[in-house]
Amino acid sequence: MDKDIQRIRAEFPILKKQVNNNLLVYLDNAATTQMPQVVEEKIKSFDENYRANVHRGVHTLGLMATERYENVRRQVKDFIGAKSSKEIIFTSGCTDSLNLIAATYGEKNIKAGDDIVVSIMEHHSNLLPWQLLAHKKGANLKYIELNDHQELDLKDAAQKITSSTKIVAVTHVSNVLGCINPIKELAQLAHKNGAVIVVDGAQAVGHFEVDVRNLEADFYAFSGHKIFGPDGIGVLYGKEQLLNEMPPYRLGGEMIANVTRTGATWAPVPQKFEAGTPNIEGVIGLGATIDFLKDFCHIDQIKEHEQELVEYILPKLQSINGLTVYGPQDPTKRIGVISFNLDRIHPHDLATALDLEGIEIRAGHHCAQPLLQTLGVEVAARASFSIYNTKSEANKLLSGLVDAKEFFKNGFK
Ligand code: PLP
């Protein structure tokens with residue numbers, strides 16, 4: 001595996017950079033992953049060889065761009081196990097995908113008194129659209145709480161998801177706790193009660209194989225920039241029948257069948273949800289990213305590698321006096337995301353101290369304030385490992401934390 005990691009690291013030129021006179025140790029992968037050279041090259045090739053708009057005109061470049069763009073849709077379909085490429089909508093990211101569902105499916109199907117069930121560990125992107133919808137419609141927003149291991153409480157889920165529930169919106173993996181949620185069980189609970197399930201896959205795709213049909217997901221959302229791809233591109237998967245029944249989201253070019261002075265009819269899916277010029281570069285880059293993930297990294301090895309790192313570092317972190325790790329203690333239940341607090345050192349101070357050693361971690365509320373309130377804190381530090389991180393980098397984090405602790409206790413020696 002180590003040889004493999006070196007092979008993968010070589011694809012990411014940024015990992016050779018110095019930050020504050022130290023070799024970069026990039027541990028903020030849950031926020032954004034780095035992009036391999038091959039993805040940049042694919043985007044450059046689009047710009048240099050066939051840059052044109054898609055689905056318009058008949059010239060050679062336009063046809064080439066459209067063909068490549070639609071090929072990526074098929075690639076995404078296979079990558080996540082969808083039935084048809086009509087079920088794949090390109091968006092600007094996971095947040096956009098989730099807002100789309102709330103503003104279309106939600107607007108159409110939620111009425112006063114209905115229940116929308118989310119979990120307490122949702123990122124604001126999979127919370128606020130539902131909060132707003134519930135306020136607007138007079139619906140109830142219910143939260144599935146955590147169990148004693150700081151995982152999703154399935155007993156609570158079984159109580160909260162009832163025949164009044166119309167939408168269950170949950171994250172596949174928590175961006176704070178790192179835990180992997182049992183989506184299939186939740187989907188079956190939702191369906192038994194006549195509800196649909198919306199899955200936020202921002203922290204799941206690219207970490208392990210995701211098969212939307214096997215998960216029985218009705219909707220599934222993710223972002224390119226968290227799976228080694230470009231910024232500003234995301235995916236919304238939706239079952240074709242549901243997408244067909246939904247009203248459009250944004251209105252404009254390319255999403256219509258016909259427009260008259262007094263009205264319009266909509267294009268079939270997926271075009272109905274892709275108004276205006278899409279992020280073509282982003283889509284082309286996403287295609288290269290999927291190739292990279294499948295052929296170069298072998299996606300099943302990614303989770304294994306992340307869990308190996310978590311297994312290695314978790315007990316060592318816990319042995320640091322005053323350090324609290326959040327989320328399940330069992331490494332097999334999580335991906336490479338570890339959030340923690342150290343004594344009374346503010347995570348921003350901790351992250352700044354580590355940054356001086358070239359170690360990049362995230363600090364803050366992680367866009368999951370209700371979760372942090374439940375954990376009894378306002379902020380936390382977060383180290384998130386990816387396929388290119390090594391045990392030696394984990395050791396640097398550990399010694400950086402010990403140094404920081406010493407520094408904030410005693411000041412300069
Ligand atoms: N959901 C989760 C669990 C996330 O971690 C994030 C980003 O951190 C998002 C949604 C939003 O993703 P994006 O900002 O790419 O739209």
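Residues numbered from 1 in each chain as written. Predicted model: local features only at pLDDT ≥ 70, side-chain atom pairs only at ≥ 80, totals over all residues. Heavy atoms only, no water.

Trainee: Go over the packing of aromatic side chains with me, naming the residues and quoting the values.
Mentor: Taken as a whole, this structure holds 10 aromatic pairs when the rule is applied. Both rings, one in Phe 12 and one in Tyr 388, keep their centres 4.7 Å apart while their planes meet at 65 degrees; by these two values the pair is edge-to-face. Of this pair, Phe 12 sits in the loop between α1 (2-9) and β1 (18-19) while Tyr 388 sits in the loop between β17 (380-384) and α14 (391-410), placing them 376 residues apart in sequence. With relative accessibility at 0%, the residue Phe 12 sits in the buried group. For Tyr 388, a relative accessible area of 0% translates into the label buried. Three or more aromatic residues link up through ring pairs in this structure, and these residues are Phe 12, Phe 228, Phe 292, Phe 296 and Tyr 388. Sitting over the ring of Phe 296, Arg 7 keeps its end group 4.4 Å from the ring centre. (Phe/Tyr/Trp six-rings, centres within 6.5 Å; stacked < 30°, edge-to-face > 60°. Helix = DSSP H or I, 4+ residues; strand = E, 2+ residues; numbered from the N terminus. Buried < 20%, exposed > 50% of the residue type's maximum accessible area, 1.4 Å probe, protein only. Lys NZ or Arg CZ within 6 Å of the ring centre and 35° of its normal.)

Trainee: Could you give me a rundown of the environment of Gln 329, with the residues and numbers involved?
Mentor: For Gln 329, the position within the fold is in the loop between β13 (323-325) and β14 (337-342). A polar atom in the side chain of Gln 329 sits 3.0 Å from the backbone oxygen of Gly 327. (Polar contact = N/O pair within 3.5 Å; in protein donor to acceptor, adjacent residues only side chain to side chain.)

Trainee: Describe in detail the pattern of salt bridges, supporting the description with residues and values.
Mentor: For the structure shown, the criterion picks out 21 salt bridges. A salt bridge links Arg 51 to Glu 281, with the shortest nitrogen-to-oxygen separation between them at 3.6 Å. With Arg 51 in the loop between α2 (37-50) and α3 (60-80) and Glu 281 in helix α10 (residues 280-297), this pair connects stretches of sequence that are 230 residues apart. Glu 281 sits in the partly exposed class, given a relative accessible area of 28%. Between Lys 391 and Glu 308 there is a salt bridge whose closest N-O contact spans 3.9 Å. Of this pair, Lys 391 sits in helix α14 while Glu 308 sits in helix α11 (residues 299-318), and the two are 83 residues apart along the sequence. Lys 391 sits in the partly exposed class, given a relative accessible area of 38%. Here Glu 308 falls in the partly exposed class, since its relative accessible area comes to 34%. (Salt bridge = Lys/Arg side-chain N within 4 Å of Asp/Glu carboxyl O.)

Trainee: Pulling in residues and values, what's your account of the domain arrangement of the protein?
Mentor: By domain assignment, the protein separates into domain 1 (3-30 + 299-412) and domain 2 (40-295). Between domain 1 and domain 2, roughly 2,600 Å² of surface is buried when both sides are summed, and carbon and sulfur atoms account for 64% of that area. Per-residue buried area on domain 1 facing domain 2 is highest for Ile 299, Ile 335 and Leu 371; these three make up 26% of the total on that side. Linking domain 1 with domain 2 are 1 salt bridge. For the salt bridge of Lys 333 with Glu 151, the shortest nitrogen-to-oxygen distance reads 3.3 Å. (Domains from an automatic or database assignment. Buried area = accessible area lost by both parts, 1.4 Å probe.)

Trainee: Lay out the side chain of Ser 125 in plain terms, naming residues and giving numbers.
Mentor: With respect to the secondary-structure elements, Ser 125 resides in the loop between β5 (115-119) and α5 (128-137). Side chain to side chain, Ser 125 and Thr 95 meet in a polar contact 2.9 Å long.

Trainee: I'd like to hear about the sheet that holds β13, residue by residue, with values.
Mentor: The strands making up a sheet associate through backbone hydrogen bonding, with each pair oriented either parallel or antiparallel. Read from one edge to the other, the open sheet built from 4 strands follows the order β13-β14-β17-β16, with strand pairing classed as antiparallel. With partners counted over all chains shown, the strands left at the sheet margins are β13 and β16 (362-364), one partner each. Geometrically, the sheet is characterised by an average inter-axis angle of 30 degrees between neighbouring strands, direction not taken into account. Two elements, β16 and β17, share 3 bridges in a ladder whose sense is antiparallel. Considered in β17, the bridge of Arg 362 is made with Arg 382. (Pairing = 2+ DSSP bridges. Axes fitted to C-alpha atoms, helices over the stretch in contact; angles between N-to-C directions.)

Trainee: Just give me the short version of the nonpolar core, but keep the residues and values in it.
Mentor: By size, the foremost hydrophobic cluster in this structure holds 76 residues, and its most contacted members are Val 76, Phe 90, Leu 177, Leu 186, Tyr 220 and Leu 286. The greatest single-element share of this core, amounting to 8 residues, is contributed by α10. When residues of this core are assigned to domains, at least three fall in each of domain 1 (3-30 + 299-412) and domain 2 (40-295). Setting aside residues no more than four positions away along its own chain, Leu 177 makes contact with Met 121, Leu 146, Gln 150, Tyr 326, Gly 327, Pro 328, Arg 334, Val 337, Leu 371 and Leu 375. (Core = buried A, V, L, I, M, F, W, Y, C linked by side-chain atoms within 4.5 Å. Contact = heavy atoms within 4.5 Å.)

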